[in-house]
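# Topology and contacts: notes
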Amino acid sequence: MSGDPGVTAGDIARLAGVGRATVSNWRRRHDDFPRPVGGTAASPLFSLADVEDWLTRNGKPFEVSAGDRLWQRLRASGDDFRLADLVGWAGLRLLESRGGTAAPPPGDAARQPGDGAMPSWPDTVPADPGLPALLGELAAERGHRAAFDFLVEEYMRAHSRRLVVTRPDVARLMTGLVCRKGDVVLDPACGLGTLLLSAPGARHALAQDSDPAAARIAAVRLRLAGTPADVVAADSLRGDGFPGEAADSVVCDPPSGDRAWGHDELTGDPRWEYGLPPRGEPELAWVQHCLAHVRPGGRAAVLMPPAAASRRPGRRIRGNLLRAGALRAVITLAPGGPDLWLLRRPEPGEPPPGAVLLLDAAGDLGRAEREWRRHERGAGAESAVPVIDLLDDEVDLAPARRRPRQTGAAFGRRFTAALDRLAAAAPVRPALDLLPEPRPLPFTTIAELSRTGAVTVRHAPARLPAGGDVAVLTAADLTAGSAPSGAAAADPDLIMLEPGDVVATAAGTARVVGDEHAALGPYLTLYRPDPARLDPGFLAGFLTFAHTRTGTGSSRMDLRRMRIPRLPPERQRAYGRAFAEMAALTATLRDMSALGEELVRLSFDGLLDGRLTPADSPRENDAHRRQV
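Below: a short report on this structure. (Residues numbered from 1 in each chain as written. Predicted model: local features only at pLDDT ≥ 70, side-chain atom pairs only at ≥ 80, totals over all residues. Heavy atoms only, no water.)

## As for the sheet that holds strand E19 (residues 519–520)
- On the basis of which strands lie adjacent, the open sheet formed by 3 strands has the order E16-E15-E19 and mixed pairing. Every other strand in the sheet has two partners, leaving strand E16 (486–488) and E19 as the edge strands with one partner each.
- Across 2 bridges, strand E15 (residues 470–473) lies against E19 in parallel orientation. Its bridge partner being in E19, Leu473 is matched across the sheet by Leu520. (Pairing = 2+ DSSP bridges. Helix = DSSP H or I, 4+ residues; strand = E, 2+ residues; numbered from the N terminus.)

Here's what the structure looks like:
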């Protein structure tokens, strides 16, 4: 299959803009559908050339983008065990072709930390001679950084069961809480570099991972992002790549449950300032490793399994962390974990705080940030627990076992407010009519509309000039539905937004630009429609909702290949209004879900604490209402 890349059923579904079930139906109903050429019975691979030929012969619209063709050719150049090395090879070629950033040739040994060290590179050169040209084509279309991000995301999708990648929203929360602009940031278990890439305005990144292939990918991602970085491929606990280094902040999502972490050979290690980690508590070794590599007054954020907050073998270390003032918060981010431990290395002579934040955020990351900020300011966060109350025989720091201490009046206000908000959040159904018979629509694609001039498509630069006062609409702003929050220096390469533009992410979030007066931020695509031929609301609606019909389970799709109905402008505007109603309904249901979860949590707490009683209780209902 060399030179003829194999594609999965999911890949075929994406290329044709259909669901996986449709591809399965094609295989069952069409005898001439291409036979598998590799893979397994559960996940067969098909020849891309054969699939393209079949789709063309059967009149099935499809489009193979430069990114898809490159990815399939790259994956066909080796087996799955070499895929990470092949992705690293592609990143190195992109880094070299971009210019301006030196990269070591394959086989170079890593240099010393501080001089831009990178992991050694294996002699991985794919046999396919057409790959460099395809890489250049994708880089010219999307930019070098976005091209490599595409390959990394495809790699993560292909190996989703083997890779542990920190969720992007959790990564933003962690770095937002402990990192500051201009920090030297360390991640001792960096994986593919997700956490370090989320650090706002890092001056320098220090990264280490035991998987050399992951470390190489992280190194390329950081350099393409413009972040100076030293990256070491080694186990941080057994082979510390940055001895004596003290970062301004540390972020870490360490491996969990590794009982072979090096307990016996590391017994006398000076990093165990708060106690020798028990053999079955490797996570407490990672916590102390992080604290040992942050300067006095510096901060650390570490993701931990929930059991680490209460297991008996670790109680001595937890107690010492509390007494020293090093552990500042334990926040359960979602039911079942993980927990986020926020730490600070005490400065000499600094008195430890009197309380620690123990919060069960129940999936509300915004609440986690708000409560931490209140606690940090000393504003009396309701989930703050006095340290003295925790220093018992168990030193149990599990947030779920620590209910906030509230007055009856405070609980009553929260409970009745939750009831009122839920009652007020009534959804409004879209104004849609059911047709007696389906009316098939003629379709086109964004790419075709672009070729005919109905819409202009532009991609944001991968990196904007820093240090200015030009407002920038970021991907986070678009996802959150908020005003532009970024900033950049004035530059002729900036893409300035105009009213009526449509801005979208690759994950399918889009909106029509009003009076933002901002520049287009990285990872965003601008669609500037000709208003006489293409309604912005109509286009934004399809960009937002079309990805839900792919059925591939992927969070990304090539929006240029998306099928869009060919309709006159007045019908487009009617569709645009319907899409706006659907978006409003989506937001309402999301709010109702959050409000419902809050009401259930308050109700359960109130029943357990004796502040609420069932309506059919022997108590007088009037007395119950007076209590609330």
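## Notes on the packing of helix H8 (residues 168–178) against helix H13 (residues 365–377)
- Contact geometry of H8 with H13 gives a least axis separation of 11 Å together with a crossing angle of 10°. Comparing their axes, H13 and H8 come out roughly parallel. For the pair formed by H8 and H13, the contact residues are Asp169, Val170, Leu173, Gly176 and Leu177 on the first element and Leu365, Ala368, Glu369, Trp372 and Arg373 on the second. (Axes fitted to C-alpha atoms, helices over the stretch in contact; angles between N-to-C directions. Parallel < 35°, antiparallel > 145°, perpendicular 65-115°, else oblique. Contact = heavy atoms within 4.5 Å.)

## A word on helix H10 (residues 212–224)
- Given a rise of 1.5 Å per residue, 13 residues ought to cover 18 Å, and the 18 Å separating the end C-alpha atoms of H10 matches this to within 8%.
- H10 sits mainly inside the fold: 12 of its 13 residues count as buried.
- Those residues of H10 lying buried are Ala213, Ala214, Ala215, Arg216, Ile217, Ala218, Ala219, Val220, Arg221, Leu222, Arg223 and Leu224.
- Where the residues of H10 are buried, they touch helix H5 (83–98), helix H7 (144–158), helix H9 (194–198), strand E5 (204–209) and strand E6 (229–233).
- Positive phi shows up at Gly226, right after H10, with a value of about 85°. (Expected span 1.5 Å × (residues − 1). Buried < 20%, exposed > 50% of the residue type's maximum accessible area, 1.4 Å probe, protein only.)

## As for the sheet that holds strand E2 (residues 38–39)
- Judged by pairing direction, the sheet is antiparallel, and its 3 strands sit side by side in the order E1-E3-E2 without closing on themselves. On the outer flanks of this sheet lie strand E1 (6–7) and E2, each paired with one strand and no other.
- Inspection of the sheet shows E1 paired to strand E3 (residues 44–47) by 2 bridges, in the antiparallel sense. Within E3, the position partnered with Gly6 by the bridge is Ser47.

## Describing the pattern of salt bridges
- Summed over the entire model, instances satisfying the criterion amount to 35 salt bridges.
- In this structure, Asp269 engages Arg271 in a salt bridge whose closest nitrogen and oxygen atoms are separated by 2.8 Å. Arg271 carries the same exposure label as Asp269, and that label is buried.
- Among the ionic pairs, Asp396 bridges to Arg401, the shortest N-O distance being 2.9 Å.
- Take Arg401: its relative accessible area is 55%, and that puts it in the exposed class.
- Through salt bridges with shared partners, a single network forms among Asp11, Arg75, Glu154 and Arg157. (Salt bridge = Lys/Arg side-chain N within 4 Å of Asp/Glu carboxyl O.)

## A word on a positive patch on the surface
- Among the surface-exposed residues, Arg439, Arg571, Arg573 and Arg577 lie close enough to one another that they form a single positively charged patch.
- Within the element layout of this structure, Arg573 appears in helix H19 (residues 569–609). (Patch = residues over 30% accessible without salt bridge, like charges linked within 9 Å, V, L, I, M, F, W, Y side chains within 5 Å. Areas by Shrake-Rupley, 256 points an atom, 1.4 Å probe, with all protein chains shown as cover. Lys, Arg positive; Asp, Glu negative; His and termini not counted. Charge placed at Lys NZ, Arg CZ, Asp CG, Glu CD.)

## So, unusual backbone geometry
- A cis amide bond links Gly337 with the next residue in sequence, Pro338, at an omega value of 5°.
- Along the chain, Pro338 turns up in the loop between strand E9 (327–332) and strand E10 (339–344).
- Here the phi dihedral of Ala362 falls at roughly 50°; this positive angle occurs in a residue that is not glycine.
- Positionally, Ala362 belongs in the loop between strand E11 (355–360) and H13.
- Phi at Val395 is positive, roughly 45°, even though this residue is not glycine.
- By the element assignment, Val395 lies in the loop between helix H14 (387–390) and helix H15 (408–424).
- Owing to a relative accessible area of 5%, Val395 belongs among the buried residues under this scheme.

## Looking at the packing of H5 against helix H6 (residues 131–142)
- It is the contact of H5 with H6, at a shortest axis distance of 11 Å, that shows an interaxial angle of 60°. What the angle tells us is that H5 and H6 run oblique. H5 and H6 meet at a crossing whose hand is right-handed. Residues Trp89, Ala90, Arg93 and Leu94 of H5 form the contact with H6, whose participating residues are Leu131, Pro132, Leu135 and Ala139.
- For the contact of H5 with H6, a count of residues per class yields 7 nonpolar, no polar and 1 charged. (Left-handed = near helix turned anticlockwise from the far one by under 90°. Nonpolar A, V, L, I, M, F, W, Y, C, P; charged D, E, K, R; others polar.)

## Things to note about helix H4 (residues 66–75)
- The element H4 is largely enclosed, with a buried count of 9 among its 10 residues.
- Those residues of H4 that fall on the buried side of the exposure criterion are Ala66, Gly67, Asp68, Leu70, Trp71, Gln72, Arg73, Leu74 and Arg75.

## Digging into the state of the cysteines
- Under the defined criterion, the tally for this structure stands at 0 disulfides.
- There is no disulfide at Cys179, and the cysteine sulfur nearest it, in Cys290, is 12 Å away.
- Judged by relative accessible area, which is 4%, Cys179 ranks as buried.
- You can see Cys252 has no disulfide; the closest cysteine sulfur is in Cys290, sitting 4.2 Å from it.
- Given the relative accessible area of 0%, Cys252 is considered buried. (Disulfide = S-S within 2.5 Å.)

## A look at the side chain of Asp187
- Examined against the element boundaries, Asp187 turns out to sit in strand E4 (residues 184–187).
- For the buried residue Asp187, which engages in no salt bridge, the nearest side chain bearing the opposite charge is Arg221, 10.0 Å off.
- Not counting residues up to four positions away in its chain, the partners in contact with Asp187 are Leu195, Leu196, Leu206, Ala207, Gln208, Val251 and Cys252.

## Some thoughts on the packing of aromatic side chains
- For the structure on display, the rule yields 9 aromatic pairs.
- Relative to Tyr575, the ring of Phe538 has its centre 6.1 Å away and its plane inclined at 80°; by these criteria the two rings are edge-to-face. In this pair, Phe538 sits in helix H18 (residues 536–545) while Tyr575 sits in helix H19, placing the two residues 37 residues apart along the sequence.
- Judged by relative accessible area, which is 23%, Tyr575 ranks as partly exposed.
- Each ring, one from Tyr575 and one from Phe579, has its centre 6.3 Å from the other, and the planes form 65°; the classification is edge-to-face. You can see Tyr575 and its partner Phe579 sitting in helix H19, 4 residues apart, about one turn around the helix.
- Three or more aromatic residues joined by ring pairs make a cluster, and in this case those are Phe538, Phe542, Phe545, Tyr575 and Phe579.
- Directly above the aromatic system of Phe150 lies the positively charged group of Arg142, at a separation of 4.6 Å from the ring centroid. (Phe/Tyr/Trp six-rings, centres within 6.5 Å; stacked < 30°, edge-to-face > 60°. Lys NZ or Arg CZ within 6 Å of the ring centre and 35° of its normal.)

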